[in-house]
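Secondary and tertiary structure notes
The lines below spell out each chain.
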Amino acid sequence: MSARTLFDLTGRTALVTGSTRGLGRAIAEGMGEAGASLVVNGRNSEATELAAAEMRAAGLNARAAAFDVTDESAVMAAFAQLDSDGIEIDILVNNAGIQHRQPMVELSLEDWQRVIDTNLTSAFLMGREAAKRMIPRGYGKVINIGSLTSELARATVAPYTVAKGGIRLLTKSMAAEWAQHGIQANAIGPGYMLTEMNEALTSNPEFDAWVKSRTPTGRWGRPDELVGTAIYLASRASDYVCGQLIFVDGGMISVL
Ligand code: GCO
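The paragraphs below set out a description of the structure included in this document. Chains are numbered independently. Their residues run from 1 in the order of the written sequence. Note on the predicted model: pLDDT of at least 70 is required for a residue's local features to be given, and 80 or more for side-chain atom pairs to be given and counted; whole-chain, interface and lining totals, by contrast, use all residues. Processing note: side-chain calculations cover all non-hydrogen atoms of the structure and skip hydrogens and water entirely.

1. Details of the environment of Pro159
Our working rule: A helix here means a DSSP run of H or I that spans at least four residues, while a strand means a run of E at least two residues long, and both kinds are numbered starting from the N terminus. Contacts are assigned to residue pairs that have any heavy atoms within 4.5 Å of one another.
Relative to the helices and strands, Pro159 resides in helix H5 (residues 158-178). Taking C-alpha positions, Pro159 is 8.8 Å from Arg114, a pair spaced 45 residues apart along the chain. Setting aside residues up to four positions removed in sequence, Pro159 forms contacts with Leu107, Trp112, Val115 and Ile116.

Set out below in structure tokens:
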């Protein structure tokens, strides 16, 4: 295969969970520009339809699939709908996630469970349904979105950290079971990125200064800076890469 086509996603269909905004939107648009057809996902049907329409207006091949990735029956119904529409998912990006910042001694079980369900269990549910269909085809790419907190903890974000730590080992579990079927499962660990989820942090002068001093690159990352790694892990260029977590973090995880 020529190096020129290694990263070409033409002919592939990518489903990116939580892709109406933020990191998921940037990854979906980048994969679309690399040739993939897109299935845009979000919980809210209006926002999901709007995002897909905006992507189509930008020349991308995009369709909406609004459903709650934490709801097993909704996930199974969504894949059944894709089946009946003849849509085969070649690339699954488990990006959907929420944040909840609160000290553990004040944290309710409900909030703990909500974060674990959204940030970790959804990746199992989506991965299971996608893999059931990828295995007979002998091909698939699963990309889970981790975090710096897949490796390191920060006070007040325990459920998020535990979920993202779980993502790191779920990725390896997927590799252990699915690599033999031609499916590569890997993860991306974004650093501190300029997203809506982090607005409370970017607007906090002390936290903003900490991120800039703690990150060797000296700044927050932009969502579009994940696109190259996402395309790499979605393409033939990574056919012999499994179970890896690639940090895109300006160097933060690598230095004291
Ligand atoms: C936080 C942030 C982080 C980042 C990212 C870092 O409250 O510390 O939300 O969790 O979003 O996950 O890799």
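2. Points about the pattern of salt bridges
Pairing between side chains of opposite charge can happen when the charged atoms of each approach one another. Rule in force here: Any Lys or Arg side-chain nitrogen found within 4 Å of a carboxyl oxygen on Asp or Glu counts as a salt bridge. Here the term buried applies to any residue with accessible area under 20% of the maximum for its type, exposed to any over 50%, and partly exposed to those in between, with areas from a 1.4 Å probe on protein chains only.
Summed over the entire model, instances satisfying the criterion amount to 18 salt bridges. Here Glu54 and Arg25 are joined by a salt bridge, their closest N and O atoms 2.7 Å apart. With Glu54 in helix H2 (residues 45-57) and Arg25 in helix H1 (residues 22-33), the pair connects residues that are 29 residues apart, well separated along the chain. One salt bridge in this structure joins Glu129 and Arg133, with 3.3 Å as the shortest N-O distance. Here Glu129 pairs with Arg133, and both are found in helix H4 (residues 109-137), just four residues apart, close to one helical turn. Overall, the relative accessible area of 2% leaves Glu129 in the buried class. A single network of salt bridges, built from pairs that share partners, joins Glu72, Asp83, Arg128, Glu129, Lys132 and Arg133.

3. Here's the deal with H1
This is how the line gets drawn: In this scheme, a helix's expected span is set at 1.5 Å multiplied by one less than its residue total.
Given a rise of 1.5 Å per residue, twelve residues ought to cover 16 Å, and the 17 Å separating the end C-alpha atoms of H1 matches this to within 8%. Among the twelve residues of H1, nine are classified as buried, and the element is accordingly described as predominantly covered. Directly after H1, the chain includes Gly35, whose backbone phi takes a positive value near 115°.

4. Structural notes on the site of the ligand
For clarity, the cut-off: Whether a residue is near a molecule or strand is decided by its heavy atoms; if any one of them lies within 4 Å of it, the residue is near. The term polar contact refers here to a pair of N or O atoms within 3.5 Å; inside protein, the definition further demands a hydrogen-donor-capable atom paired with an acceptor-capable atom, and it admits residues adjacent in sequence only when both atoms are side-chain atoms. Accessible surface is estimated by sampling points in the Shrake-Rupley manner with a 1.4 Å probe; for residues, cover comes only from the protein chains shown. Charged residues are taken to be Asp, Glu, Lys and Arg, nonpolar residues to be Ala, Val, Leu, Ile, Met, Phe, Trp, Tyr, Cys and Pro, and polar residues to be all remaining types, Gly included.
The full set close to the ligand counts 13 residues, and Arg101, Ser147, Arg154, Pro190 and Tyr192 are the nearest of them. Here an oxygen atom of the ligand sits 3.0 Å away from a polar atom, N or O, in the side chain of Gln99. In this structure, an oxygen atom belonging to the ligand sits 2.7 Å away from a main-chain N or O atom of Pro190. Considering the ligand on its own, with 330 Å² of exposed area, one finds that the protein chains cover 97% of that surface. Its residues assigned to classes, the shell around the ligand comprises seven nonpolar, four polar and two charged.

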